[in-house]
Amino acid sequence: MFVGAGLYAASALLGRGNAHTLDPGAGGLSLNAAGWDANSPPELEFLFEARVQLHLPPMDVGPTPEGNRLIFLVKGGTFEGPHLRGRVVPDAGADWVRVRPDGTGVLDVRFSLETHDNALLYVHWQGRFWSAPEEAEYATDLEKPDDPAGAWRYYFRAAPQFETGDPRYAWLNNIIAVTKSRTGDGGPIHRVFAVK
């Protein structure tokens, strides 16, 4: 009987809202049944673009049992979008890249953002970076000019998660995000989207 009651309560909660709308002013994601379709793919909403500057060249740990390890230290940068903006905190993070034998970069990124109104956000993510061998030099050239039209030549995606204690941005603690990223102008350029 207890299990049945729990299932009933869960289904009642689910029935109250399944369509997701991003509304940071109202505390983040709002849920409602209008327009819900369980079979449709999730929608994305643009959060911000981060232009991260790195200390170059990276530290090369060398070949390890898990692949070649490179460490890119974060120098600084900026981020801006419809829901938040600010700076990438200098020297407060890194990307611990592991290059597998097949040439794919396995990303392990952690850094801090400071919003324009002084909230601190911790960001961490896993991701993948790869290209055809003939495009590798172009893809990994972080110092080339930003070239959005040329970013089709490599795959650079990640799934950031946010942590903050600031109540104004607590909604970030409860979302999943994805990036469509590219290289240039001294580091990665991440376009960050909330998954709705």
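Residue indices begin from 1 for each chain and proceed along its sequence in written order. It should be noted that, the model being predicted, local features are given only for residues of pLDDT at least 70 and side-chain atom pairs only at 80 or more, the latter also being counted only at that level, while totals for whole chains, interfaces and linings use all residues. Water and hydrogen atoms play no part in the side-chain values, which are based on all heavy atoms of the structure.

Participant: Explain the overall build of the protein chain here, please?
Facilitator: We count a stretch as a helix when DSSP gives it H or I for four or more residues in a row; a strand needs E for two or more, and each element gets its number in order from the N terminus. The number of helices and strands found in the protein chain is two helices and twelve strands. In sequence order, the secondary structure elements of the protein chain are arranged as α-β-β-β-β-β-β-β-β-β-α-β-β-β. By residue count, 40% of the 196 residues in the protein chain fall in the buried class. We call two residues contacting when some pair of their heavy atoms lies within 4.5 Å. Within the protein chain, contacts between residues at least 6 apart in sequence are counted, and of these 53% link residues at least 24 apart. A 1.4 Å probe and the Shrake-Rupley method give the accessible areas. Residues count as covered only by the protein chains that appear here. When the accessible surface of the protein chain is split by element, carbon and sulfur atoms take 57% of a total near 11000 Å². Think of it in three bands: with a 1.4 Å probe and only protein chains considered, a residue is buried below 20% of the maximum accessible area for its type, exposed above 50%, and partly exposed in between.

Participant: Is there a simple way to think about the packing of aromatic side chains in this case?
Facilitator: Given two aromatic rings, their pairing is described by the distance between the two centres and the angle made by the two planes. Pairs were defined over the aromatic rings of Phe, Tyr and Trp, the Trp ring being its six-membered one, requiring ring centres within 6.5 Å. Orientation was assigned from the angle between planes: stacked under 30 degrees, edge-to-face over 60, tilted for the rest. This structure, assessed with the given rule, holds eight aromatic pairs. Measuring from ring centre to ring centre gives 6.2 Å for Tyr138 and Tyr154, while their planes differ by 50°; the resulting arrangement is tilted. Placement of the pair is Tyr138 in helix H2 (residues 136-140) and Tyr154 in strand S10 (residues 154-163), with a sequence separation of 16 residues. Ring pairing ties together the aromatic residues Phe129, Tyr138, Tyr154 and Phe156, which thus form one cluster. In this structure, Arg110 is placed above the aromatic ring of Trp96, and the distance from its NZ or CZ to the ring centre is 5.3 Å. Consider the ring centre and the ring normal. A charge sits over the ring if Lys NZ or Arg CZ is within 6 Å of that centre and within 35 degrees of that normal. Against the face of Tyr138 rests Arg153, its NZ or CZ located 3.7 Å from the ring centre.

Participant: Even after reading the chapter, I still don't get the environment of Val89, so can you show me in this structure?
Facilitator: Within the secondary structure layout, Val89 lies in the loop between strand S6 (85-88) and strand S7 (94-99). The spacing of Val89 and Leu113 is 24 residues in sequence and 5.5 Å in space, taken between C-alpha atoms. If we ignore the near neighbours within four places in the chain, the residues touching Val89 are Val74, Ser112, Leu113, Glu114 and Leu120.

Participant: Would you take a moment to explain the nonpolar core for this structure?
Facilitator: Soluble globular proteins: nonpolar side chains tend toward being buried together. Buried Ala, Val, Leu, Ile, Met, Phe, Trp, Tyr and Cys residues that are joined via side-chain atoms within 4.5 Å together make up what is termed a nonpolar core. Core analysis: the largest hydrophobic core is formed by 37 residues, its most contacted members being Phe48 and Leu113. Every element with two or more residues in this core is listed here: strand S3 (44-54), strand S5 (67-80), strand S8 (105-115), strand S9 (120-131), H2, S10 and strand S12 (187-195). No other element matches the five residues that S3 contributes to this core. Beyond its immediate stretch of four places on either side in the chain, Leu113 contacts Phe48, Phe79, Arg87, Val88, Val89, Ala119, Leu120, Leu121, Val123 and Phe162.

What is shown is where atoms sit, not what they do.
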